[in-house]
Amino acid sequence: MIRPILIHPDPRLKKVCDPVAEITPEIRQLAADMLETMYDAPGIGLAAPQVGVTKRVIVMDCIKEGDPEPMALVNPEILWSSEDVSTYEEGCLSIPEQYAEVKRPAEVQVRWLDLEGQVQERQFAGLWATCVQHEIDHLDGKLFIDYLGPLKRQMITRKMEKLKRERARA
Ligand code: NI
């Protein structure tokens, strides 16, 4: 089921999300819905708070061509970040059509629970590394625009407020 995506500014996007205590059918359904919502948008990553669920669950698939690689990460944790940084033009499904360059560690080691409740660990690089950091930020109430200067951030926030007013009227 495709779930509605919250648009910034929204208090639910600013919350620190709760860890998932146990992989239940509800969590599996949440992850499946989030993947469906992400592919439909379309996007390469989505975090649970973006669909109004303040739990530590993210989904992503950074494969642009070829077979999809859907990933669902529960309680993801960054264990290590490289000193090397890389810059990507980031966007966010909660901040539609706004993009800005963000500098982040180029590689990260991440540990998470999969939907079978197994602990997984992987080193991400390239776009995957940026994406997983962007999504984990969401779980701590942080958006990519928080890395920008205050003027740029304010400008984007105003645009989003206007977009939300227009959508509410439609
Ligand atoms: Ni985002």
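The following refers to the structure shown.

The rules behind these values
- Residues numbered from 1 in each chain as written.
- Predicted model: local features only at pLDDT ≥ 70, side-chain atom pairs only at ≥ 80, totals over all residues.
- Heavy atoms only, no water.
- Phe/Tyr/Trp six-rings, centres within 6.5 Å; stacked < 30°, edge-to-face > 60°.
- Helix = DSSP H or I, 4+ residues; strand = E, 2+ residues; numbered from the N terminus.
- Buried < 20%, exposed > 50% of the residue type's maximum accessible area, 1.4 Å probe, protein only.
- Pairing = 2+ DSSP bridges.
- Axes fitted to C-alpha atoms, helices over the stretch in contact; angles between N-to-C directions.
- Contact = heavy atoms within 4.5 Å.
- Donors = N, O, S within 2.8 Å, 3.2 Å for Na, K, Ca; no water.
- Core = buried A, V, L, I, M, F, W, Y, C linked by side-chain atoms within 4.5 Å.

Topic: the packing of aromatic side chains
When we look at a pair of aromatic rings, we describe it by the centre distance and by the angle of the planes. A full pass over the atoms with the stated rule returns two aromatic pairs. Geometrically, the ring pair formed by Trp112 and Phe124 is tilted, given 5.9 Å between the ring centres and 35 degrees between the ring planes. On the criterion of sequence distance, the pair formed by Trp112 in strand β6 (residues 107–113) and Phe124 in strand β7 (residues 119–125) is long-range, its members being 12 residues apart. Its relative accessible area of 6% is what places Trp112 among the buried residues. By relative accessible area, which is 2% here, Phe124 ends up buried. The interplanar angle of 25 degrees and the centroid separation of 6.3 Å between the aromatic rings of Phe124 and Trp128 together place this pair among those described as stacked. By the burial criterion, Phe124 is buried, and Trp128 matches it.

Considering the sheet that holds strand β3 (residues 71–81)
Taken together, the five strands give an open sheet; going across it, the order is β1-β2-β3-β6-β7, and neighbouring strands pair in antiparallel fashion. One side of each edge strand has no neighbouring strand; the edge strands of this open sheet are β1 (45–47) and β7. Strand-to-strand, the axes of this sheet are offset by a mean angle of 40 degrees, without reference to chain direction. The sheet contact formed by β6 and β7 spans seven bridges and is antiparallel. Paired with Leu113 across the bridge in β7 is Val119. Sheet contacts for helix α1 (residues 25–40): β1, β2 (57–60) and β3; angle to β2, the most-contacted strand, approximately 40 degrees. Contacting β1, β2, β3, β6 and β7, helix α2 (residues 126–139) runs over the sheet at an angle of about 155 degrees to β2.

Considering the coordination of the nickel ion
With distances of 2.1 to 2.3 Å, the protein atoms coordinating the nickel ion are Cys92 (SG), His134 (NE2) and His138 (NE2). In primary sequence terms, the donor set of the nickel ion follows C-x41-H-x3-H. Separated by four residues within a single helix, His134 and His138 lie in helix α2, roughly one turn from each other. Across the pair, exposure class does not vary: His134 and His138 are buried alike.

Some thoughts on the side chain of Gln109
With respect to the helices and strands, Gln109 occurs in strand β6. Taking relative accessible area as the criterion, Gln109 reaches 16% and is therefore assigned buried. Other than its neighbours up to four places away in sequence, Gln109 contacts Glu77, Ile78, Leu79, Trp80, Glu121, Arg122 and Gln123.

A look at the nonpolar core
Membership of the largest hydrophobic core comes to 18 residues, with the highest contact counts inside it found for Ile58, Met60, Met71, Leu73, Val110, Phe124 and Val132. Looking at this core, the elements that each hand over two or more residues are β2, β3, β6 and α2. Of the residues forming this core, the biggest block, seven residues, is contributed by α2. Ignoring anything within four residues of it in the chain, the contact list for Val132 reads Ile58, Met60, Leu73, Val108, Val110 and Phe124.

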